[in-house]
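If you want the building blocks of each chain, they are given just below.
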Amino acid sequence: MLGGPPLFCLLPNSLLRLATELAMAREDAGSLPILKLLLVGDSGVGKSSLLLRFTEDQFEPYLNPTIGVDFKVKKMVLGDFPVQLAIWDTAGQERFRTLTPSYYRGAQGIILVYDVTKRETFAGLECWLQELDVFTKKSVVKMLVGNKIDETDREVDRKEGLQFAQKHSMLFIETSAKMKDGVETAFEEVVIKILQTPELWNIRNEGVVLAPESRAPNTADACSGHCSVA
Ligand SMILES: Nc1nc2c(ncn2[C@@H]2O[C@H](COP(=O)(O)OP(=O)(O)OP(=O)(O)O)[C@@H](O)[C@H]2O)c(=O)[nH]1
Ligand SMILES: [Mg+2]
C-alpha cells in the first residue's frame with residue numbers, strides 16, 4: 001500500500017461527483033464538513049504516535065501513556081475536496097476507559113491499532129471489536145492498523161493481520177509511526193471510505209450535515225480484559 005499515485009487519483013467518478021456535491025454544499029454552509037475519527041487499541045501500540053506523526057510529522061521515542069483522551073483537528077484535502085478531521089486519541093490503559101461510550105458517540109471512522117511486535121495486542125482485537133459493536137453504528141468505517149513494522153522482533157505477520165481484517169470487514173494497513181510508513185495512507189483511506197458511505201452523512205439545503213449519531217446504549221461491561229468498559 002506504500003508508494004504509488006496519490007489516493008485521490010484513484011477515486012472513481014461517482015466519488016468525485018460526490019466530493020463535488022459535498023464541496024458545493026460546504027460552500028453554501030460556509031464551513032468544512034467535519035469527520036470524527038477515533039483511535040483505539042491496547043496501551044502502548046502507538047495510537048498517540050500515529051496521531052503525532054499524522055498531525056505534526058513528529059515522532060517521540062518515549063511518549064507518555066495517554067490519560068483520558070486527547071484530541072486533534074487536522075484539515076485534509078482529497079483532490080479539491082477539503083475536510084476537517086477531528087481525531088480522538090483514547091487511552092489504552094483500562095483505568096482511563098470509563099468514559100469510552102461518550103468518546104464513540106458520532107464517530108464516522110474507527111482506527112483500531114495493534115503492535116506487530118506484541119501478539120497479545122493482536123489477541124485483544126476481538127474484545128475491541130465487541131466494544132465497537134456495542135458503541136458504534138453498523139456503518140462506521142473501521143480500519144485495522146498493525147503498527148511498529150520498523151521493529152525486527154515481529155510476532156504477527158502481515159498475512160495474519162490482513163486475514164483478520166477481511167474476516168471482520170475492516171480496511172487494513174501496516175504502519176510505522178517512527179519511520180512514517182503508511183501513516184498518511186491509513187487516514188486517507190478511512191476518509192475516502194467514509195465519503196463512500198452515504199449512511200454516514202446527509203446533504204441538506206443548509207449544507208453538509210453528518211448523519212445523526214447512533215445512541216450509545218447504556219450497556220456496561222461490553223467485554224472484559226483488554227478493553228473493559230466501566
Ligand atoms: N519502534 C517504534 N516505536 C513506536 C512506534 N509507534 C510508537 N512507538 C513507541 O511505542 C511507545 C508507545 O506509543 P504510544 O503512541 O504512546 O502508544 P499508545 O497506543 O498511545 O498508548 P496509550 O496512550 O497508553 O494507550 C512510545 O514509546 C513510542 O515511541 C513505531 O512505529 N515504531
Ligand atoms: Mg496514547
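Residues numbered from 1 in each chain as written. Chains lettered and ligands numbered in written order. Predicted model: local features only at pLDDT ≥ 70, side-chain atom pairs only at ≥ 80, totals over all residues.

- In the annotation of an unreviewed UniProt entry, the entry for the chain reads small monomeric GTPase, and the organism field reads Podarcis lilfordi.
- According to the UniProt record, the Catalytic activity (unreviewed entry) comment for the chain is "GTP + H2O = GDP + phosphate + H(+)".
- The record held by UniProt for the chain lists under Sequence similarities (unreviewed entry) the comment "Belongs to the small GTPase superfamily. Rab family." (UniProt positions renumbered as here; feature names shortened; annotations may be inferred.)

### Here we look at the overall build of the chain
Moving on, step 1. Looking only at helices and strands, the chain has seven helices and eight strands in total.
Moving on, step 2. Looking at the chain as a whole, 37% of its 230 residues qualify as buried.
Moving on, step 3. Taking as baseline every contact in the chain between residues at least 6 positions apart, the subset at least 24 positions apart corresponds to 74%. (Helix = DSSP H or I, 4+ residues; strand = E, 2+ residues; numbered from the N terminus. Buried ≥ 20, exposed ≤ 12 C-beta atoms within 10 Å, placed from the backbone. Contact = placed C-beta atoms within 7 Å.)

### Regarding the site of ligand 1
Moving on, step 1. Lining the immediate environment of ligand 1, one finds 24 residues, of which Gly-46, Ser-49, Pro-65, Thr-66 and Gly-92 sit closest.
Moving on, step 2. When residues in the shell around ligand 1 are grouped by element, the largest group, three residues, is from helix H2 (residues 47–56). (Near = placed C-beta within 6 Å.)

### Topic: the pairing of strand E2 (residues 69–78)
Moving on, step 1. Of the strand pairs in this sheet, E2 and strand E3 (residues 81–90) are connected by ten bridges, and their pairing is antiparallel. Looking across to E3, one finds that Leu-78 is bridged to Phe-81.
Moving on, step 2. Hairpin connection between E2 and E3: a loop of two residues separates the two successive antiparallel strands, and Gly-79 in this loop has a positive phi of roughly 65 degrees. (Pairing = 2+ DSSP bridges.)

### Description of the confidence of the model for the chain
Moving on, step 1. Residues at a pLDDT of 70 or more form 73% of the chain, whose mean pLDDT is 81.
Moving on, step 2. Note on residues 203–209: pLDDT is under 50 here. Beyond four places in sequence and across chains, it has 17 contacts.
Moving on, step 3. A low-confidence stretch, residues 212–230 (pLDDT under 50), is modelled with 40 contacts involving residues beyond four sequence positions or located in other chains. (pLDDT = per-residue confidence, 0-100.)

### A word on the sheet that holds E2
Pairing between sheet strands relies on hydrogen bonds along the backbone, with the strands arranged either parallel or antiparallel.
Moving on, step 1. If you walk across this open sheet you meet the six strands as E2-E3-E1-E4-E5-E6, and the pairing is mixed. Every other strand in the sheet has two partners, leaving E2 and strand E6 (171–174) as the edge strands with one partner each. Pairwise comparison of adjacent strand axes, ignoring direction, gives a mean angle of 25 degrees for this sheet.
Moving on, step 2. Bridge count between strand E1 (residues 34–40) and strand E4 (residues 109–115): four bridges; the pairing is parallel. Bridging from a neighbouring strand, Leu-39 pairs with Ile-111 of E4. (Axes fitted to C-alpha atoms, helices over the stretch in contact; angles between N-to-C directions.)

### Quick word on the nonpolar core
Moving on, step 1. In terms of nonpolar packing, the biggest core is built from 45 residues, with Ile-111, Leu-112, Met-143 and Val-190 touching the most fellow members.
Moving on, step 2. Looking at this core element by element, the count peaks at seven residues for helix H7 (residues 183–195).
Moving on, step 3. Excluding anything up to four places from it in sequence, Val-190 contacts Leu-37, Gly-109, Ile-111, Val-141, Met-143 and Leu-171. (Core = buried A, V, L, I, M, F, W, Y, C linked by C-beta atoms within 7 Å.)

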